[in-house]
Amino acid sequence: MTFDPIPHAERRAAVFAELERRGGGVLLLPSAGEKLRNSTNEHLFRQDSDFHYLTGLDEPDSCALLSARPGERRFLLFVRPRDKEKEIWNGRRVGVEGATALLKADAAFTMADLEAELPRALDGAATLWYRLGGDAAWDQRIIGVLTALRGQGRAGKRPPAALADPGAVLHEQRLLKRPDEIALLRKAADLTAEGHFAAMRDGSAGRREFQVQAEIEYAFRRRGAAGPGYGTIVAAGANSTILHYRAGDDELRDGQVCLVDAGGEYGLYTADVTRTFPVSGKFSGAQRDLYQACLAAQAVAIAAVKPGATIDGIHALTVRALTEGLVGLGLLPGPVEARVAEGDALVKLTPGSPEEKSAPKGYRKYYMHRTSHWLGMDVHDVGEYVVGGASRPLMPGMVLTVEPGLYVAEDDETAPAALRGVGIRIEDDLLVTATGSENLTAAVPKEIADVEAACTR
Ligand code: GLY
Ligand code: MN
Ligand code: MN
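So, a few notes on the structure that sits alongside this text. (Residues numbered from 1 in each chain as written. Chains lettered and ligands numbered in written order. Predicted model: local features only at pLDDT ≥ 70, side-chain atom pairs only at ≥ 80, totals over all residues. Heavy atoms only, no water.)

Before going further, it helps to examine the coordination of the manganese ion (ligand 3). The expected angle between donors at a tetrahedral four-coordinate metal is 109.5 degrees. At an octahedral six-coordinate metal it is 90 or 180 degrees. On the protein side, the manganese ion (ligand 3) has Asp 261 (OD), Asp 261 (OD), Asp 272 (OD) and Glu 427 (OE) as donor atoms, found 2.1 to 2.3 Å from it. Seen from the manganese ion (ligand 3), its 6 donor atoms lie at angles of 56 to 170°, and the figure they make is irregular. Counting along the primary sequence, the residues that act as donors to the manganese ion (ligand 3) give the motif D-x10-D-x154-E. Between the manganese ion (ligand 3) and the manganese ion (ligand 2) the interatomic distance comes to 3.3 Å, and Asp 272 is a ligand of both metals. Of the two residues, Asp 261 sits in strand β11 (residues 257–262) while Glu 427 sits in the loop between β19 (422–425) and β20 (428–432), which places them 166 residues apart along the sequence. Each member of the pair Asp 261 and Glu 427 is classed as buried. (Donors = N, O, S within 2.8 Å, 3.2 Å for Na, K, Ca; no water. Tetrahedral: all angles 85-135°; square planar, octahedral: opposite > 155°, others 65-115°. Helix = DSSP H or I, 4+ residues; strand = E, 2+ residues; numbered from the N terminus. Buried < 20%, exposed > 50% of the residue type's maximum accessible area, 1.4 Å probe, protein only.)

Within the structure, ligand 1 sits among Tyr 230, Asp 261, Asp 272, His 373, His 380, Glu 403 and Glu 427. Asp 261 has a polar side-chain atom sitting 3.1 Å from a nitrogen atom of ligand 1. In this structure, Asp 272 approaches ligand 1 through a side-chain N or O atom, which is 3.1 Å from a nitrogen atom. Partitioned by chemical class, the residues of the shell around ligand 1 number 1 nonpolar, 2 polar and 4 charged. (Near = heavy atom within 4 Å. Polar contact = N/O pair within 3.5 Å; in protein donor to acceptor, adjacent residues only side chain to side chain. Nonpolar A, V, L, I, M, F, W, Y, C, P; charged D, E, K, R; others polar.)

What follows covers the coordination of the manganese ion (ligand 2). Listed as protein donors to the manganese ion (ligand 2) are Asp 272 (OD), His 373 (NE2), Glu 403 (OE) and Glu 427 (OE); their distances from the metal cover 2.0 to 2.2 Å. Geometry at the manganese ion (ligand 2) is irregular, judged from the 6 donor atoms that bind it and their angles of 51 to 152° at the metal. Each donor residue of the manganese ion (ligand 2) belongs to the same chain, and together they define the spacing D-x100-H-x29-E-x23-E.

Structural data, given as structure tokens:
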């Protein structure tokens, strides 16, 4: 991808405007650092999402400052210096020149200049927008600068009067995706669809979970993804009922379902898609019924995604539909009205609260997670879920998942034998539009006939 500085400049302009609306100050954003995997080997570098969002720079050991003072906006970058020797070993660096010429910083320095420049930048700022707790060394550095400024009061120096979390500005902005971001999400969705087709095609009896994973990630990478946006789940048989299972080395067997939760990351934006398919290519009667109950609930949930709807409201509708399905399947006792009423009450309890923990399990025995989360650069993307004490209304430009599931434990003796050890999840990525929503991942088969057709070998 050729680098386009314009989207990052537009995002900075919006952040500057919001900082000004909130009294100005200096927003300080460190890049991600390199992390040792073992010995002298580093993990594959992945830039901090906030840092990439505002700068477009994908190098470690860097720092961005957005200074919003009365009548002045300045974007400063601190980067690694150019170094011929190091670049031969470890790759190119943008350097101070590139930071201004390419990344459009108003001024650029090396990281070695930070010690001198940071007190200058923070002196007299209304607010320091910096997220404490992300990195102990950075926290220490900031405390050092604030303490030094405080000690120079007689020389007219003054540390920022307030410390605020930049997430309040940045993450609310990231929650509303701009057209260039939606284009990247579409690309991630497209290559993710290819990965799921590959899984259905490849996931026949005798294959192992890691082999299916390899097919999926090959499809991602071949299309330009950096790789998966989160750990790929390929879960055969009863592994499908373990929510955070990763692709292991179990063999896929006829008669089992295989649950695949996989999304490719493109330009730092990820898709998040789950499909469940029959290893033999044909669902059994019982699997088909469980699948159809999950699919019906997902259809209800997707139809509810529109401006003004809430994630809590969508979850409540999903729970209702799943509960009706569970009663129909004999997994929950009737009458359906009573179970739906119980579910309605249960869904209102705060997750993890003592009331919720001590309440009868009801539908949660088979559906123990929530229906939606924000999606973007992070698979569980940033942005508040609750505003003013209530689930926030959806707005055009938000992207969320819709991912109902039904999981029957293999030792659930109350369940029909044919359903034990069967987990179904169906997950798509929804862009909220002016009138409703667009399913970005609609190309991945999910109707039973389409899934079985994609499993044709
Ligand atoms: N793949 C993570 C999730 O579905 O939330
Ligand atoms: Mn998800
Ligand atoms: Mn997922």
